[in-house]
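# Geometric and topological summary
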Amino acid sequence: MLTVDFDRLGVRPGTRVIDVGCGQGRHSFEAYRRGADIVAFDQSASDLADVKVMFGAMAEAGEAPHSAKAEAVQGDALAMPYEDGEFDVVVASEILEHIPDDDSAIAELVRVLKPGGALAVTVPRWLPERICWLLSDEYHANEGGHVRIYRADELRAKISGRGVRFIHSTHAHALHSPYWWLKCLVGVSKTDSRVVEAYHRLLVWDMMKRPWQTRFAETALDPVIGKSVALYFTKPAVRRA
């Protein structure tokens, strides 16, 4: 389940990509499939161990071109161990809402992006997220949980203020918003809700089969209740005399 549009980012063989806060690696795997040189970057050693195993399995199964490179790197998004302008594409999906010092994180994302490169940032959308917060403290008030709710225009301005140019925005995963509202209503940690389990089966069916009915419904609902908002930016190329 991708939140970022890799076609819009122009990811192709040889593109150097970093997936900051990669988690379980869904966007890193897509970059690898497309032949990119991908760095899956996260602070969680356990998540990265799983990502590394999957990279190996993908290589063995021929799911990525032989020319593609993939590595899993543990580190801090506030101080990434890379030179200025090292990556053609920077992806930061669903991480800024977890970081108290998001200004420093944004500065790092822009710093490691090559002039002329593309930046994709996704966060939970204001309305669906606000409903979750109203329904349940457990949803966000935990260690490593969400520390803020973004309005898209405010985040856009904050990122643009770091010297990149906004180019596009989209919404995604509308079918997931009701799922999380149900989870918040019955209890996020509750595991025996028949309604939540039934809805979860629907989401799994959608992700595995991609039927036209759910694809049509999500496309229609994304502008209204899309769970995530994705913002795309480009870093101005350096002009030479």
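Thresholds, definitions, all that
- Residues numbered from 1 in each chain as written.
- Predicted model: local features only at pLDDT ≥ 70, side-chain atom pairs only at ≥ 80, totals over all residues.
- Heavy atoms only, no water.
- UniProt positions renumbered as here; feature names shortened; annotations may be inferred.
- Helix = DSSP H or I, 4+ residues; strand = E, 2+ residues; numbered from the N terminus.
- Phe/Tyr/Trp six-rings, centres within 6.5 Å; stacked < 30°, edge-to-face > 60°.
- Buried < 20%, exposed > 50% of the residue type's maximum accessible area, 1.4 Å probe, protein only.
- Lys NZ or Arg CZ within 6 Å of the ring centre and 35° of its normal.
- Expected span 1.5 Å × (residues − 1).
- Arc of directions from axis to C-beta.
- Axes fitted to C-alpha atoms, helices over the stretch in contact; angles between N-to-C directions.
- Parallel < 35°, antiparallel > 145°, perpendicular 65-115°, else oblique.
- Left-handed = near helix turned anticlockwise from the far one by under 90°.
- Contact = heavy atoms within 4.5 Å.
- Nonpolar A, V, L, I, M, F, W, Y, C, P; charged D, E, K, R; others polar.
- Pairing = 2+ DSSP bridges.
- Right-handed = clockwise from strand over helix to strand, strands pointing away.

A word on the UniProt feature "domain: Methyltransferase type" (unreviewed entry) in the protein. In the numbering used here, UniProt assigns the "domain: Methyltransferase type" (unreviewed entry) feature to residues 18–120. Between the end C-alpha atoms of residues 18–120 there is a gap of 11 Å, over a span that is 33% helix and 29% strand.

This part is about the packing of aromatic side chains. How two aromatic rings sit relative to each other is given by the distance of their centres and the angle of their planes. Scanning all chains against the criterion turns up eight aromatic pairs. Geometrically, the ring pair formed by Phe-29 and Phe-55 is edge-to-face, given 5.6 Å between the ring centres and 90 degrees between the ring planes. One end of the pair, Phe-29, is in helix α2 (residues 26–33); the other, Phe-55, is in helix α3 (residues 45–60), with 26 residues separating them in the sequence. When its relative accessible area of 10% is taken as the criterion, Phe-29 is described as buried. Grouping aromatic residues by their ring pairs yields a cluster made of Tyr-139, Tyr-179, Trp-180 and Tyr-199. For Arg-8, the ring lying beneath its charged end belongs to Tyr-232, and the centroid distance is 5.7 Å. Sitting above the plane of the Trp-126 ring, Arg-151 keeps its charged end 4.2 Å from the centroid.

As a further point, take α3. In this model, α3 (16 residues) spans 23 Å end to end at C-alpha, consistent with the 22 Å of a helix rising 1.5 Å per residue. Looking at α3, one finds that the buried residues are Leu-48, Val-51, Phe-55 and Met-58. For α3, the arc enclosing every buried residue in end-on projection is 80 degrees, short of the 170-degree limit, so these residues lie on one face. Facing away from the buried side of α3 by over 90 degrees, the exposed positions are Asp-50, Val-53 and Glu-60.

Here the focus is the packing of helix α7 (residues 176–186) against helix α8 (residues 194–209). Between α7 and α8, the shortest axis-to-axis distance is 10 Å and the interhelical angle comes to 160 degrees. With respect to each other, α7 and α8 are oriented roughly antiparallel. In the packing of α7 onto α8, the handedness of the crossing is left-handed. Residues His-176, Pro-178, Tyr-179, Leu-182, Lys-183 and Val-186 of α7 form the contact with α8, whose participating residues are Val-195, Val-196, Tyr-199, His-200 and Leu-203. Counted by class, the contact of α7 with α8 contains eight nonpolar, two polar and one charged residues.

For strand β4 (residues 87–93), the tally of buried residues reaches six of seven residues, placing the bulk of the element in the interior. Two elements, strand β1 (residues 16–20) and β4, share three bridges in a ladder whose sense is parallel. Its bridge partner lying in β4, Val-17 is registered against Val-89. As paired elements, β4 and strand β5 (residues 113–124) share six bridges and run parallel to each other. Counterpart to Phe-87 in the pairing with β5 is Leu-113. In this region the chain leaves β4, passes through helix α4 (residues 102–111) and returns to the parallel neighbour β5; the handedness of that crossover is right-handed.

So, on to the sheet that holds strand β7 (residues 228–234). Note on sheets: strands pair through backbone hydrogen bonds, and any given pair is parallel or antiparallel. Here seven strands make up an open sheet; going across it, the order is β3-β2-β1-β4-β5-β7-β6 and the pairing mixed. Strands with a single pairing partner mark the edges of an open sheet, and in this sheet they are β3 (69–74) and β6 (165–172). Direction aside, the axes of adjacent strands within the sheet are offset by 15 degrees on average. Judged from the seven bridges that link them, β6 and β7 form a sheet pairing that is antiparallel. Residue pairing across strands places Ala-172 opposite Ser-228, the latter belonging to β7. Along the sheet face, α4 touches β1, β4 and β5 and points at about 145 degrees away from the line of β5. Packing of helix α6 (residues 152–160) onto the sheet brings it into contact with β5, β6 and β7, and relative to β7 it is tilted by some 25 degrees.

Positive phi is not limited to glycine here, since Glu-94 has a value of about 60 degrees. Positionally, Glu-94 belongs in the loop between β4 and α4.

For the pair helix α5 (residues 126–135) and α7, interaxial distance at closest approach is 8 Å and the crossing angle is 10 degrees. Comparing the axis directions of α5 and α7 gives the class roughly parallel. Between α5 and α7, the residues in contact are Pro-128, Ile-131, Cys-132 and Leu-135 and Ser-177, Trp-180, Trp-181, Cys-184 and Leu-185, respectively. By residue class, the composition of the contact of α5 with α7 is eight nonpolar, one polar and no charged.

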